[in-house]
Amino acid sequence: MAKAFQKWREQLCYNYLGLEKEARGQKDFMEERNCTKKARVIDFHCDGDFFYQKGIACFEKGDLERASKYMERAIKFKPNDVEYLCQQAEILAELENYESSIRLLKKVVYELDSKMTDCYFFIANNYAYLGEFQEALDEVQIYLTLEPNGTFKHEAQELFQMLNSEMKELDEDESAYVTVHERGRLALEHGHFDEAIHYFKQVIEDEPDFLAAQNNLSIAYFSMDDQENALATACRVLEKDPGNIHALCNLATFYYQLHDKSGLEKVVARLDLIYPLYPEHCGKLGSTYLFIGNYKRAYYWLRIAEKRGARRDQVFYFWMALSAYHCGDEEAAKQNWRRVDFFSDKPFHPFKYSKIQDMMFEPGAEKNFMVRELIRKEAWEDVKSFQIFSLFYAARCHDRSLLLDVAKKGTDPEIMGHARRLVEEMDSGVRDLSMQVMREVERLAGGCKETLKHPELYSFWAVVDSFAHIREEDIKGWAAALIYLWKKEFGKPAAQKDIAMEAGTTLYRLRKHIQELSIALEKQWDDD
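The structure presented is a predicted model; accordingly, all values stated were derived computationally and were not measured. (Residues numbered from 1 in each chain as written. Predicted model: local features only at pLDDT ≥ 70, side-chain atom pairs only at ≥ 80, totals over all residues. Heavy atoms only, no water.)

**A short note on the overall build of the protein**
Applied cut-off: In this text, helices come from DSSP runs of H or I with a minimum length of four residues, and strands from runs of E with a minimum of two, each type numbered from the N-terminal end. Burial here depends on accessible area, computed with a 1.4 Å probe over protein chains only, as a share of the maximum for the residue type. Under 20% is buried, over 50% is exposed, and the range in between is partly exposed. Contacts were defined at the residue level, with two residues in contact if any of their heavy atoms lie within 4.5 Å. Computed by Shrake-Rupley with a 1.4 Å probe, the accessible areas treat only the displayed protein chains as cover when residues are assessed.
Scanning the protein for helices and strands turns up 30 helices and 0 strands. Every one of the 528 residues in the protein was classed for burial, and the buried ones make up 47%. In the protein, the proportion of contacts linking residues at least 24 apart, taken out of those at least 6 apart, comes to 57%. Looking at the protein as shown, the accessible area adds up to about 27,900 Å², and 50% of this sits on carbon and sulfur atoms.

Written out as structure tokens, the structure reads:
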């Protein structure tokens, strides 16, 4: 594929130089191209072409990561430059980031230049590497239809034959349920658990022995807090296939989250005896050990998965970074963390991942470079709830420099004010009473880690902070009011008496603050 991309890049270069091969001989063309190169004077001006040339230089040296970064900066100058986009698509494919490469190629041929039909061939290649053979077949057929004598005619025909051979191994019935299973898997990945359960059940009804659907169904059940069905489904898989690595790994993560030490030890004892051959199984085993906190075993299996060619996405690179960090290999941790890129290609915010949450609240987390980078990034992002959380976290870690930066250079006056007050707290040793309300909310929610799972609590607190004059005796009452209204808003109602008792305040004070906060929230929503 690399050679095909190289041939395509040369063809692109000819087109964009505006030289017609038919009008002159190949020798004249190359001589003119060389003269053009010699005559060009490049000013030291950081525009798109500057970063493009830097990217090409890195690419030719084999430094793909830097090449991609330079191309990304070039594209920011010229978002619709076809040559830039195609070059970045090539680099991303070399980096095995096939999904992103596909997106760029589709943008070129669908939105910018429909004559760039070679894109269909490279889209097909990317799909083939992803194992999505039907999509690859569709794209290569489009290319052969539009360009029966195109530049990549022979390569496309070979790919077409290979894909046809692969597809024949799946009969029509199997293809149907595999497609339904893929829909369920995507729904599961995006957090649509009800939808995922529906698709997986449909697959199992049509094909009871399709164990992948049953394994994913158990995950979907557990994600819906249906532990009973989750465990039962995983155990049914093991009845049919006692060595099924996915079912064993799922059970290990379930028992770990349920704090079932006995169940976990029994499953881990079985996992310790397994030596998988397939790269995806090695990756599954590594990620499971990572989840339960056995970083040494996790790092061992994840490196084997990588060497054997396992598919690597941003989550995989995070697993590698975290396990490497805990095994003392900080250089490898930093290298893999750069590839995580804050999960930019994933549907969830970084703080939504359970292992990110674990990492941020484990002993010594303030020394972890990944945690520091996450907090610094979120303190400047525009999601207010996560911004406020990041400021409170920075204050707990005594990161005065970050708070000062936000207080002086922030763009949101409200966030700047929060940062400034936290700095004043640190310097004076005198607690800000309104900040104490949020800390009391964190306590009532089950601690800072649990509160991070419900970031809207920080937004609720910001409303109180914006209008209420807090007195010492009001702190617990306001915290109780916030918790009560939050539970009511998100379908977890609780008796006011119980919340007042847990918060250590009176029922009268709780009701008084509930009324004040309700009026303030309604006013804010009306204004919005």
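**Comments concerning a nonpolar patch on the surface**
Note the following rule: Only residues whose relative accessible area exceeds 30% and that form no salt bridge enter a patch; like-charged residues are grouped when within 9 Å of one another, and nonpolar side chains (Val, Leu, Ile, Met, Phe, Trp, Tyr) when within 5 Å. Criterion for a salt bridge: a side-chain nitrogen of Lys or Arg within 4 Å of a carboxyl oxygen of Asp or Glu.
The grouping of Tyr275, Leu277 and Tyr300 at the surface amounts to a nonpolar patch, some 350 Å² of accessible area in total. Within the secondary structure layout, leucine 277 lies in the loop between helix 15 (261–271) and helix 16 (279–291).

**Points about the environment of aspartate 405**
Note that aspartate 405 resides in helix 23 (residues 400–409). By relative accessible area, which is 29% here, aspartate 405 ends up partly exposed. In the structure, aspartate 405 is positioned 26 residues away from alanine 379 in sequence and 9.8 Å away in space, judged by C-alpha atoms. Once residues lying within four places of it in the same chain are set aside, the contact partners of aspartate 405 are Arg376, Trp380 and Gly410.

**Description of helix 14 (residues 245–257)**
Definition in use: Each residue after the first adds 1.5 Å to the expected span of a helix. Counted as a polar contact is a pair of N or O atoms within 3.5 Å, where, for protein atoms, one must be capable of donating a hydrogen and the other of accepting one, and residues adjacent in sequence contribute only when both atoms are in side chains.
An ideal rise of 1.5 Å per residue puts 18 Å on 13 residues; helix 14 measures up with 19 Å between its terminal C-alpha atoms. The buried fraction of helix 14 is high, at 10 of 13 residues. Considered for burial, the residues of helix 14 that qualify are Ile245, Ala247, Leu248, Cys249, Asn250, Leu251, Ala252, Thr253, Phe254 and Tyr255. Those residues of helix 14 that are buried lie in contact with helix 12 (211–223), helix 13 (227–240), helix 15 and helix 16. Where helix 14 begins, the side chain of asparagine 244 points an oxygen toward the backbone nitrogen of histidine 246, at a separation of 3.2 Å. Downstream of helix 14 by a residue or two, histidine 259 has a phi angle that is positive, lying close to 60°.

**Regarding the pattern of salt bridges**
All told, the structure shown has 30 salt bridges when counted by the stated rule. Lysine 384 is the partner of glutamate 414 in a salt bridge, and the nearest nitrogen-oxygen pair spans 2.7 Å. Placement of the pair is glutamate 414 in helix 24 (residues 413–428) and lysine 384 in helix 22 (residues 384–396), with a sequence separation of 30 residues. Judged by relative accessible area, which is 32%, lysine 384 ranks as partly exposed.

**Remarks on the packing of helix 3 (residues 48–61) against helix 4 (residues 64–77)**
The following threshold applies: Helix axes are fitted only over the stretch in contact, all axes being lines through C-alpha atoms; the angle between N-to-C directions runs from 0 to 180 degrees. Should an angle fall under 35 degrees it is called roughly parallel, over 145 degrees roughly antiparallel, and 65 to 115 degrees roughly perpendicular, with every other angle called oblique. In this scheme, a crossing is called left-handed if the near helix is turned counterclockwise away from the far one by less than a right angle; it is called right-handed if the turn is clockwise.
Relative orientation of the contacting elements helix 3 and helix 4 amounts to 165°, with a least axis distance of 8 Å. Here helix 3 lies roughly antiparallel to helix 4, going by the angle between them. Two packed elements cross with a definite hand, and for helix 3 against helix 4 that hand is left-handed. For the pair helix 3 and helix 4, contact is made by Gly48, Phe51, Tyr52, Lys54, Gly55, Ile56, Cys58 and Phe59 and by Leu64, Arg66, Ala67, Tyr70, Met71, Arg73, Ala74 and Phe77, respectively.

**So, the nonpolar core**
What counts here: Buried residues of nine kinds, namely Ala, Val, Leu, Ile, Met, Phe, Trp, Tyr and Cys, make up a nonpolar core once their side-chain atoms join them within 4.5 Å.
Judged by nonpolar contacts, the single largest core of 123 residues is most densely connected at Leu271, Phe351, Ile356, Met360, Ile375, Val437 and Trp461. Those residues in contact with methionine 360, other than ones at most four positions away along the chain, are Phe351, Ala365, Val371, Ile375, Phe389, Tyr393 and Leu452. Counting 44 residues, the second largest nonpolar core, distinct from the first, contains Ile56, Leu92, Ile102 and Leu104.

**Observations regarding the packing of helix 27 (residues 456–467) against helix 28 (residues 475–489)**
What counts, and what does not: Under the convention adopted here, Pro, Cys and the residues Ala, Val, Leu, Ile, Met, Phe, Trp and Tyr are nonpolar, Asp, Glu, Lys and Arg are charged, and Gly plus all remaining residues are polar.
The contact between helix 27 and helix 28 brings their axes to 10 Å, and the two run at 135°. Here helix 28 runs oblique to helix 27, going by the angle between their axes. The two elements helix 27 and helix 28 cross, and the hand of that crossing is right-handed. Two secondary-structure elements touch here, helix 27 through Glu456, Leu457, Phe460, Trp461, Val464 and Phe467 and helix 28 through Trp478, Leu482, Ile483, Leu485, Trp486 and Glu489. Along the lines of polarity and charge, the residues of the contact of helix 27 with helix 28 split into 10 nonpolar, no polar and 2 charged.

**Re unusual backbone geometry**
Backbone geometry at histidine 259 places phi at a positive 60°, although glycine is not the residue there. With respect to the element layout, histidine 259 can be found in the loop between helix 14 and helix 15. The backbone phi angle of phenylalanine 342 is positive, close to 55°, even though this residue is not glycine. Secondary-structure assignment places phenylalanine 342 in the loop between helix 19 (330–340) and helix 20 (354–360). Under the relative-accessibility criterion, phenylalanine 342 is labelled partly exposed at 22%.

**Some thoughts on the side chain of glutamine 387**
Along the chain, the position of glutamine 387 falls in helix 22. For glutamine 387, a relative accessible area of 7% corresponds to the buried category. Setting aside residues no more than four positions away along its own chain, glutamine 387 makes contact with Glu378, Ala379, Trp380, Glu381, Asp382 and Ile415.

**Some points on the packing of aromatic side chains**
So the rule is basically this: Planes of paired rings set the category: under 30 degrees apart is stacked, over 60 is edge-to-face and the rest tilted, where pairs are Phe, Tyr or Trp rings (Trp by its six-membered ring) whose centres lie within 6.5 Å. For a lysine, the NZ atom is tested; for an arginine, the CZ atom; a charge sits over a ring if that atom is within 6 Å of the ring centre and within 35 degrees of the ring normal.
Inspection of the entire model under this criterion finds 32 aromatic pairs. Each ring, one from phenylalanine 121 and one from phenylalanine 152, has its centre 5.1 Å from the other, and the planes form 5°; the classification is stacked. Remark: phenylalanine 152 occurs in the loop between helix 8 (133–146) and helix 9 (153–168) and phenylalanine 121 occurs in helix 7 (residues 118–130); sequence separation between them is 31 residues. The same class applies to phenylalanine 121 and to phenylalanine 152, which are both buried. One aromatic cluster in this structure is built from Phe351, Phe361, Phe386, Phe389, Phe392, Tyr393, Tyr458 and Trp461. We note lysine 355 situated over the ring of phenylalanine 291; from NZ or CZ to the ring centre the distance is 5.9 Å.

**Points about the environment of aspartate 63**
Inspection of the secondary structure puts aspartate 63 in the loop between helix 3 and helix 4. The spatial distance from the C-alpha of aspartate 63 to the C-alpha of isoleucine 91 is 9.9 Å, given a sequence separation of 28 residues.

**A word on the environment of tyrosine 70**
Residue position: tyrosine 70 is located in helix 4. Separated by 20 residues in the primary sequence, tyrosine 70 and phenylalanine 50 have C-alpha atoms spaced 9.0 Å apart. Not counting residues within four places of it along the chain, the set of residues in contact with tyrosine 70 comprises Phe51, Lys54, Gly55 and Cys58.

**What about the confidence of the model for the protein?**
Put simply, the test is: Residue-level confidence of the predictor, termed pLDDT, takes values from 0 up to 100.
In the predicted model, the protein carries a mean pLDDT of 86, and 88% of its residues have values of at least 70. Contacts for the low-pLDDT stretch residues 14–45, under 50 throughout, to residues beyond four places or in other chains number 19 contacts.

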